[in-house]
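Listed here are the chains, written in short residue letters.
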There are 2 protein chains.
Amino acid sequence: MDRIPILKMGEYLLVTVQVDMHDRLAMTLQEDLAERIVKARARAVLIDISALEVVDSFIGRMLGSIAAIARVLDAETVVVGMRPAVAITLVELGLALPGVRTALNVEKGMEILRRSLGQSEGNGNGAAAEAVAPPSEADAER
Amino acid sequence: MDRIPILKMGEYLLVTVQVDMHDRLAMTLQEDLAERIVKARARAVLIDISALEVVDSFIGRMLGSIAAIARVLDAETVVVGMRPAVAITLVELGLALPGVRTALNVEKGMEILRRSLGQSEGNGNGAAAEAVAPPSEADAER
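Note that the structure is a prediction, hence the values are computed from the model and not measured.

1. Considering the pattern of salt bridges
Side chains that differ in charge, positive against negative, can pair when their charged atoms come close. All chains considered together, the criterion is met by 10 salt bridges over all chains. With a closest N to O distance of 3.2 Å, E107 of chain A and K8 of chain B form a salt bridge. Of the two residues, E107 of chain A sits in helix 4 (residues 106-123) while K8 of chain B sits in strand 1 (residues 6-9), which places them in two different chains. Given the relative accessible area of 25%, E107 of chain A is considered partly exposed. R3 of chain B is paired through a salt bridge with D32 of chain B; the nearest N and O atoms lie 3.0 Å apart. In this pair, R3 of chain B sits in the segment before strand 1 while D32 of chain B sits in helix 1 (residues 23-39), placing the two residues 29 residues apart along the sequence. Classification of R3 of chain B as partly exposed rests on a relative accessible area of 38%.

Next up, the structure:
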């Protein structure tokens, strides 16, 4: 497989990671995601890792940098579906995924996003990223 | 990988097929899906095959039988994201996926489902499957 599919669902992008990530696949995913966030005017990225039995430092770093890239493009990232064993291993390895939000499953992740995106629209002081890319009128198109 | 993850999103289940299906993986997916449809009281299954560059007769049959299993469990199935080349090959092979609904992408698939599920609720004469499993009060829980 040469690339991981990115599904657009309204304002969210959904990525299901099912295979072991190697260097090039991870790079492609980052580039594809950055492009899709801009093209689809996405507000958030959901990354499902429920299929992964092992999350090593490479994947940990990749998740962190995807979240960072999304943030500067004014999109939030939520990693969902982490297995309990993966959470234990990650912390034991000293990889607590700083800067990455997590949720139990896709539904909970969407709930978090709805709340946090709704809030930052409501009072307008939520996201620091807004200074970089203010909510445009184009959002109203959809 | 031993199984393909099934994501629950409200009344829908979403499956993203990214790897080549072999016999056992396909069997596991069918069993998992049947179980999840019942457990999650799902009304529909969306299968994204945008990552597949080749869909052979084996996968074609699998999609057909998943749709048939879902139907007897009172859930609809929509296959989304088929590549143009795949569509051409399928028809050339004489596999026009009878009994399987398709849509361009996940969003369009959900639109189709919203319409058709809304309709069958509205006038009550939509789905033949309703005779087997009438819409239960349990649906109102969610």
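2. Topic: the interface of chain A and chain B
Contacts between the two partners involve 19 residues from chain A and, on the opposite side, 19 residues from chain B. Summed over both sides, the interface between chain A and chain B buries roughly 1700 Å², with carbon and sulfur atoms accounting for 59% of that surface. If you sort the residues of chain A by the area they bury against chain B, L7, Q18 and E107 of chain A come out on top, with a joint share of 35%. Inspection of the region where chain A meets chain B yields 2 salt bridges. Between chain A and chain B we count 7 residue pairs in polar contact (both at pLDDT 80 or more) in total. Among the elements of the structure, strand 1 (6-9), strand 2 (12-16) and helix 4 of chain A are those that each provide at least two residues to the side of chain A that touches chain B. Along the lines of polarity and charge, the residues of the side of chain A that touches chain B split into 10 nonpolar, 4 polar and 5 charged.

Conventions and cut-offs
Residues numbered from 1 in each chain as written. Chains lettered and ligands numbered in written order. Predicted model: local features only at pLDDT ≥ 70, side-chain atom pairs only at ≥ 80, totals over all residues. Heavy atoms only, no water. Salt bridge = Lys/Arg side-chain N within 4 Å of Asp/Glu carboxyl O. Helix = DSSP H or I, 4+ residues; strand = E, 2+ residues; numbered from the N terminus. Buried < 20%, exposed > 50% of the residue type's maximum accessible area, 1.4 Å probe, protein only. Contact = heavy atoms within 4.5 Å. Buried area = accessible area lost by both parts, 1.4 Å probe. Polar contact = N/O pair within 3.5 Å; in protein donor to acceptor, adjacent residues only side chain to side chain. Nonpolar A, V, L, I, M, F, W, Y, C, P; charged D, E, K, R; others polar.

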